[in-house]
Amino acid sequence: MRRALWAILSTVALAVGLLAVGSPPASAWTSNGCTWESTTIRYNISSGSWATAVAQWNAAAVPTYFDYSTSSARVGLGTANNSSVSWDGLTGLTCSGGTTTYATAVINGAYTDSYSNYKLRSVTAHELGHVLGLDETSGCRLMHPTTEVRYSSCGISSPGSDEVNGINALY
Ligand SMILES: [Zn+2]
């Protein structure tokens, strides 16, 4: 099962919320404990199909904005190629005291090379949700960790109201 994972690279305590048992609540988003100081988040793309997911998040009704910059980027978006791991997308955050100072997000071409455009978008939009500060969640939502559920079962490939509400609450 392909999971889209994220990890905090620096040492920081992470509060892991327990998911509620039963039917998903109307509000499901959870924070990963890390947000950017500024709502203008400079990114650079080294490789991969990230531009659409960036545009989706920038078009959503959220206060954050991904601004392309080659010289002062704090988010690196790229591609890995590793068939010995199970993840199809991975985000790493450098986060101290709740403030994110750097992030990397990669898709794993070993799997995503065979994905449709929308399936790939489901992964990249999910990873950018982690970059902005969202944790995994349950149900048919963008922040569901597995692509089989998030995309193949639920057909989700862009930020929805739950993620938009989450980012508005975090910033
Ligand atoms: Zn994830």
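What counts, and at which threshold
Within each chain, residue numbers correspond to sequence positions counted from 1 in written order. Whole-chain, interface and lining totals are the exception, using all residues; otherwise, since this is a predicted model, local features are given only for residues with pLDDT of at least 70 and side-chain atom pairs are given and counted only at 80 or more. The helix and strand labels rest on DSSP assignments: H or I over at least four residues marks a helix, E over at least two residues marks a strand, and numbering proceeds from the N terminus. Any residue with 12 or fewer other C-beta atoms within 10 Å of its own C-beta is exposed, any with 20 or more is buried, and the rest are partly exposed; the C-beta atoms used are placed from the backbone. Contact between residues is assigned whenever the C-beta positions, reconstructed from backbone atoms, fall within 7 Å. As a per-residue measure, pLDDT tells how confident the predictor is, with possible values from 0 to 100. In these notes, a nonpolar core means any group of buried Ala, Val, Leu, Ile, Met, Phe, Trp, Tyr and Cys residues linked to one another through C-beta atoms within 7 Å. Taken from the helix axis, the directions to the C-beta atoms give the arc we talk about. Strand pairing is defined by DSSP finding a minimum of two bridges between the two strands. We call a crossover right-handed when, viewed with the strands running away from us, the connection from the first strand over the helix to the second turns clockwise.

A.B. asks: Can you break down the overall build of the protein residue by residue, with the values?
C.D. replies: A tally of helices and strands in the protein yields 5 helices and 7 strands. Counting only residues that meet the buried cut, the protein has 39% of its 171 residues in that class. Put simply, of all contacts in the protein between residues at least 6 apart along the chain, 76% involve residues at least 24 apart.

A.B. asks: Explain the confidence of the model for the protein to me, using residue names and the numbers behind them.
C.D. replies: Averaged over all residues, the pLDDT of the protein equals 89, while 85% of them reach at least 70. Throughout residues 10–22 the model reports pLDDT below 50, and contacts reaching past four residues in sequence, or to other chains, amount to 11 contacts.

A.B. asks: Go over the nonpolar core with me, naming the residues and quoting the values.
C.D. replies: Residues Val-54 and Leu-128 are the most contacted members of the largest nonpolar core, which totals 32 residues. Mapped by element, the contributors of at least two residues to this core are strand E3 (40–45), helix H1 (51–59), strand E5 (75–80), strand E6 (87–96), strand E7 (99–108) and helix H3 (117–132). Per element, the largest residue contribution to this core is 6 residues, and it comes from H3. In contact with Leu-128, other than residues within four places in its own chain, are Ala-53, Val-54, Trp-57 and Ala-105.

A.B. asks: An account of helix H5 (residues 161–170) is needed here, citing residue identities and associated values.
C.D. replies: The complete set of buried residues in H5 reads Asp-162, Glu-163, Gly-166 and Ile-167. One face of H5 carries all of its buried residues, which in axial projection span an arc of 130°. Where the residues of H5 are buried, they touch H3.

A.B. asks: Got a sec to walk through H1? Specific residues and values, please.
C.D. replies: Residues Ala-53, Val-54 and Trp-57 constitute the buried set of H1. In a view along the axis of H1, the buried residues occupy a sector of 100°, so they form one face of it.

A.B. asks: Account for the environment of Thr-112, naming residues and giving values.
C.D. replies: Structurally, Thr-112 can be placed in helix H2 (residues 109–112). The spatial distance from the C-alpha of Thr-112 to the C-alpha of Thr-79 is 9.5 Å, given a sequence separation of 33 residues. In contact with Thr-112, other than residues within four places in its own chain, are Asp-88, Ile-107, Leu-120 and Val-123.

A.B. asks: Give me the pairing of E3: which residues, what numbers.
C.D. replies: Pairing between E3 and strand E4 (residues 65–68): 4 bridges, direction parallel. Each bridged residue has a counterpart across the sheet, and for Ile-41 the counterpart in E4 is Phe-66. Assessed by its sense of winding, the connection that carries the chain from E3 through H1 to E4 is right-handed. Strand direction decides the pairing type here: E3 and E5, joined by 3 bridges, are parallel. The residue bridging Ile-45 from the neighbouring strand is Leu-77, located in E5.

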